[in-house]
Amino acid sequence: MKGWTFFPHLVVRTTGFPFDWLERLGCPESAAWARRLEAERRGLESLRAQGPRVRRPPRELLAALKAGRPVNTEGLESPERFAEWNVRAAAAQEAEAGFAEAMERELAAVEAQAVALCREPRFLEAVASSSPPVAKDLLAGREGSRLRRQVASYLQRLCAKNETMGFFGPINYGRVDPSTPTGVTLRWSGPETLVGRNTFAASWLVQGLVRAIAFDPDIASWLVPRRKAFAEMPARKSGPTPESAEELLPRLVELADGTRTLAALASSLGVAPGLAREALRLGCDKSLLTHQLEVPSAVHHPVDDLAERVAALPSGGARRHIEGLSALLELMGRYGAADASGKMSLQDAFAKRAKEQWGVAPPTERGPASESHNFYQDRLALREECGGDLRLEVGGERARELGTRMEPALAWMAEAAWRTRDAARAAVAQKVGSRTVPFWKVAAASADLPVPLDTSMAELLAQSIPSADARTVELGAVEPPAWDMARALPLVTSVDLLVGAKDVEAWGQGDYTLVMGDIHDTALVWGWALQFHPARGKVESAMVRALGALPRAMPLVTVLPSRRTGLLPSEFPGPVVELGGVSSRASAWRIPLDDLFVESDGKSARLVSKRLGSEVCLYNGELESAVHTAFSLPRIRPLRVSLGEHTPRVTLGGVVVQREQWRLDAAACEALLACKDDRSRLRVAVGLWDARGLPECVFAKFKGERKPVLVDVRSPPLLRVFLNLLEQKEEVILSEMLPGPEQLWLRGPGGRHTVELRCTLMWGGPRAGAPPTLEEGR
């Protein structure tokens, strides 16, 4: 399946700390001795099992054989029979002594390195940005096994996993241009050089501010309500004069056309201002109504935006809120330059001001019902995003390869996406029956309906693997099912690509490995990810044109959720349904939610707009629900190939689509968890790793945990983190670190860094031309 267009701009995600820091926590010599000791003991076990029987063996002989010690052959019949045993037993004793000596020495060095790293100002600042309680313990000089484990957990995250968060996950940029000479060009000053730092208030705090300010009695009369998600609302039976907000709400919804203030509407309805205010509050809570103070979901600086909106109000009370918002913005302006202690103080001052003036408290203070389990949920009042100065240019054949080498894998994923979409439509249709139902009712009734993920493509690939014992299999020769040419919808995906190479020069010369990491179902080189790009406007305009060039026989609709996390929802070209949030466009093409209906014949279903007289399709936004899967563009997901305890590395057309992986069985887990100290943990882990052929560095993915953790079998601190999670979880999958430590081509002043290229690909549109350079727009 060809025809994929590679959008020419990249978001380059790196770590803010070098991978070398993690290697300071390793005991490589101890691990080598442990391997030697394990090999000698396996040899002794073999000799013990295969050796000849000894008639009437003396007690000393039996004790030596049982303990694996050399045998005293003096006085024994045929002492030559124990020659090999004694050689191996002596070697095992030597290895055990070498292991004990190396562990004592290396463990002391590891602890010293951990203490030194904990005093690094940038590390303390990174921890303070994520977990102030841990940072406070470190600054206070506290100790303890739990704190040491937390430190190791943060180190593996900061040094091995690419994130888009703070200065320890800076946003960088690149571009691909096949028309330029073949090669790879890199410009980078290192992770400590930043081109910008932006501080943001948490989503829950912004929502709380909007609510508190809007429904201040001094402000509310100047609100201009308008209908949002619903065009109409059936009137409830009530007397001539509504006596409650519930009774008034239908009448308010009917009159709220976005042209009159709440005071004017209250006068027209003949109700008290306070009752009108409560009805509007209820309408906003139900997503029926909105007003001019509500900050659009996709606005990147919401506190600034809110201050600008409040400044437009003639109310005297607005001045008080402006002063308070200005104080918040002043605290935010100091956050980026602050050290660990300063960041924690600013967090406290910001949260205190918001709570004292507006009564806004974090979800954790509002009880269990208010707590969100979303991985990306903002826990702290303030968060930061930073831009690095890394600029990557990929030209010629290297640029073409990034897209063409992924096409075989994308063909399989696209087929699975369509099959999943068809299955979701069938599941929804079966639930709805043969009738037409409002979309919002279908979504509510199907909230617990599981996504019927297609597994046939992954199973077909798994069946094509000749042996589970293989380390790597290339399945590019396996033909995917024939593509249905009647499929008319475009496909959009973003892939986190990882390149493994000795250095930039090796990559430029074609000596590299290409790995597909996380797969996303939407365009991510967009919006907030471009906040530090020198030509942001041009890149966003190019993305709009690229999406607009995709053929489709129906409108593509963005459903805007409320602003719940630091990851802003995207508002793509086309109609928008303001479900939870509101549009950021001045002249948005809005469709009310109650204009969308699901037409079902009991076997399949489609989403239609009554006012447009057309079927419509939703854009994706990584919303994992059966209903969204049924009525959105086919969602590209990663393939999940599994052969059980061991699955080889799977490549398609020369690109790695799944790393080699292992499932630890119950016996292995029990053996690891039975260890009580670092020495026994390292010895047992090294033995298990070697027996299964695991590389030294793997990522452990636990059930229920969104992010994997890095495990270096040579590192006691990282083994502690791993085993602490293993003790809590039911199962774990280990996958090779690929690119491995020797393939980390990005090098800064402090050593090697992991890096990934976030790119967007589209199927169905024209091939893109040459992109503008990164320098345009400066």
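- Looking at an unreviewed UniProt entry, one finds the protein named Lantibiotic dehydratase N-terminal domain-containing protein.

**Observations concerning the overall build of the protein**
In step 1: Check the secondary structure of the protein and you find 25 helices and 28 strands.
In step 2: Relative to the globule expectation of 28 Å for 778 residues, the C-alpha radius of gyration of the protein, 31 Å, shows essentially globular dimensions.
In step 3: By its C-alpha atoms, the protein is 115 × 65 × 55 Å across when sized along the principal axes.
In step 4: Out of the 778 residues belonging to the protein, those deemed buried represent 55%.
In step 5: The contacts in the protein between residues at least 6 apart in sequence include a share of 76% that link residues at least 24 apart.

**Considerations on the environment of H301**
In step 1: You can see H301 is positioned in the loop between β7 (289–290) and α13 (302–311).
In step 2: By relative accessible area, which is 34% here, H301 ends up partly exposed.
In step 3: Every residue in contact with H301, bar those within four places of it in the chain, is listed here: N198 and F200.

**Regarding unusual backbone geometry**
Excluding glycine, a negative phi dihedral is what most residues carry, and trans is how most peptide bonds are arranged.
In step 1: In this model, L738 is joined to P739 through a cis peptide bond whose omega is 0 degrees.
In step 2: Residue S287 is not a glycine yet carries a positive backbone phi of 60 degrees.
In step 3: With respect to the helices and strands, the residue S287 is situated in the loop between α12 (273–285) and β7.
In step 4: Unusually for a residue other than glycine, E622 sits at a positive phi of about 55 degrees.
In step 5: Residue position: E622 is located in the loop between β18 (617–618) and α22 (626–631).

**A short note on the confidence of the model for the protein**
Caution applies to low-pLDDT regions: their predicted coordinates should not be interpreted in detail.
In step 1: Within the protein, residue pLDDT values average 90, and 93% of them lie at 70 or more.
In step 2: Contacts for the low-pLDDT stretch residues 368–377, under 50 throughout, to residues beyond four places or in other chains number 15 contacts.
In step 3: In the model, residues 768–778 has pLDDT below 50 throughout and makes 29 contacts with residues more than four positions away in sequence or in other chains.

**Topic: helix α7 (residues 145–160)**
In step 1: When the terminal C-alpha atoms of α7 are compared, their 22 Å separation across 16 residues agrees well with the 22 Å that a helix rising 1.5 Å per residue should span.
In step 2: Of all the residues in α7, the buried ones are L147, Q150, V151, A152, Y154, L155, Q156, R157, L158, C159 and A160.

**Focus on the environment of L107**
In step 1: With respect to the helices and strands, L107 occurs in helix α4 (residues 83–118).
In step 2: Along the chain, L107 and S715 lie 608 residues apart, while their C-alpha atoms are 9.3 Å from each other.
In step 3: Excluding anything up to four places from it in sequence, L107 contacts C27, A102, D678, R679 and P716.

**A few points about the packing of aromatic side chains**
In step 1: Applying the stated rule across the entire model yields 11 aromatic pairs.
In step 2: Relative to Y512, the ring of W507 lies with its centre 6.4 Å away and its plane at 55 degrees, an arrangement referred to as tilted.
In step 3: Residue classification places W507 among the buried positions, given a relative accessible area of 0%.
In step 4: When its relative accessible area of 10% is taken as the criterion, Y512 is described as buried.
In step 5: Aromatic rings pair up to connect F17, W21, F167 and F168 into one cluster.
In step 6: Stacked on the ring of Y335, the Lys or Arg K343 has its end atom at 4.7 Å from the ring centre.
In step 7: Against the face of F597 rests K610, its NZ or CZ located 4.0 Å from the ring centre.

**Details of empty space enclosed by the protein**
In step 1: Under the counting rule described, the total for this entry stands at two cavities of 30 Å³ or more.
In step 2: Approximately 50 Å³ is the volume found for the second largest cavity.
In step 3: Taken together, the residues of the lining of the second largest cavity sort by class into six nonpolar, two polar and one charged.

**Section: the sheet that holds β18**
Hydrogen bonds between backbone groups are what pair the strands of a sheet, and the pairing can be parallel or antiparallel.
In step 1: The strand order across the open sheet formed by three strands is β14-β13-β18, and the pairing between neighbours is parallel. Because the sheet does not close on itself, it has two edges, and the strands there are β14 (576–578) and β18.

**With respect to the pattern of salt bridges**
In step 1: A complete count under the given rule lists 52 salt bridges for this structure.
In step 2: Notably, a salt bridge pairs R752 with E23, separated by 2.3 Å at the nearest N-O pair. Of this pair, R752 sits in strand β27 (residues 751–753) while E23 sits in helix α1 (residues 20–23); the two residues are 729 residues apart in sequence, bridging distant segments of the chain.
In step 3: Salt bridges here are not isolated pairs; linked through shared partners, they connect R35, D690, E696, D712 and R714.

**Quick look at the environment of S221**
In step 1: Structurally, S221 is set in the loop between α9 (217–220) and β6 (226–227).
In step 2: Along the sequence, S221 and A266 sit 45 residues apart, while their C-alpha atoms lie 8.9 Å from each other.
In step 3: Leave out the neighbours within four places in its chain, and S221 touches T261, L262 and A263.

**Focus: the packing of helix α17 (residues 407–432) against helix α19 (residues 456–463)**
In step 1: Close contact between α17 and α19 brings their axes to 8 Å; oriented N to C, the two are set at 140 degrees. With respect to each other, α17 and α19 are oriented oblique. The residues of α19 that touch α17, namely those facing W412, E415, A416 and R419, are S456, M457, L460 and L461.
In step 2: Tallied by class, residues from the contact of α17 with α19 come to five nonpolar, one polar and two charged.

**Regarding the sheet that holds strand β25 (residues 732–736)**
In step 1: The strand order across the open sheet formed by five strands is β19-β22-β25-β23-β24, and the pairing between neighbours is antiparallel. Pairing within the sheet leaves two strands with one partner each, and these edge strands are β19 (646–647) and β24 (709–712).
In step 2: Strand direction decides the pairing type here: strand β23 (residues 697–702) and β25, joined by five bridges, are antiparallel. Along β25, the bridge assignment pairs V698 with E736.

**With respect to helix α6 (residues 132–139)**
In step 1: For α6, the set of buried residues is P132, V134, A135 and L138. Seen along its axis, α6 keeps its buried residues to an arc of 160 degrees; they face one direction.
In step 2: Where α6 is buried, its residues meet α4, α5 (121–130), α7 and α15 (340–358).
In step 3: Looking one or two residues past α6, G141 carries a phi angle of roughly 75 degrees, positive in sign.

**Some thoughts on the side chain of N620**
In step 1: Take N620: it is sitting in the loop between β18 and α22.
In step 2: At 2.8 Å, the side chain of N620 and the backbone oxygen of L633 are in polar contact.
In step 3: Contact partners of N620, with chain neighbours within four places excluded, come to D521, T522, F572, H628, S632, L633, P634 and R635.

The rules behind the values
Residues numbered from 1 in each chain as written. Predicted model: local features only at pLDDT ≥ 70, side-chain atom pairs only at ≥ 80, totals over all residues. Heavy atoms only, no water. Helix = DSSP H or I, 4+ residues; strand = E, 2+ residues; numbered from the N terminus. Rg over C-alpha atoms; globule rule 2.2 N^0.38 Å. Buried < 20%, exposed > 50% of the residue type's maximum accessible area, 1.4 Å probe, protein only. Contact = heavy atoms within 4.5 Å. pLDDT = per-residue confidence, 0-100. Expected span 1.5 Å × (residues − 1). Phe/Tyr/Trp six-rings, centres within 6.5 Å; stacked < 30°, edge-to-face > 60°. Lys NZ or Arg CZ within 6 Å of the ring centre and 35° of its normal. 1 Å grid on protein atoms, 1.4 Å probe; cavity = no way out; pocket = protein on both sides within 12 Å on 5 of 7 lines; lining within 4 Å. Points joined across faces, edges and corners; volume = space filled by probe spheres on them. Nonpolar A, V, L, I, M, F, W, Y, C, P; charged D, E, K, R; others polar. Pairing = 2+ DSSP bridges. Salt bridge = Lys/Arg side-chain N within 4 Å of Asp/Glu carboxyl O. Axes fitted to C-alpha atoms, helices over the stretch in contact; angles between N-to-C directions. Parallel < 35°, antiparallel > 145°, perpendicular 65-115°, else oblique. Arc of directions from axis to C-beta. Polar contact = N/O pair within 3.5 Å; in protein donor to acceptor, adjacent residues only side chain to side chain.

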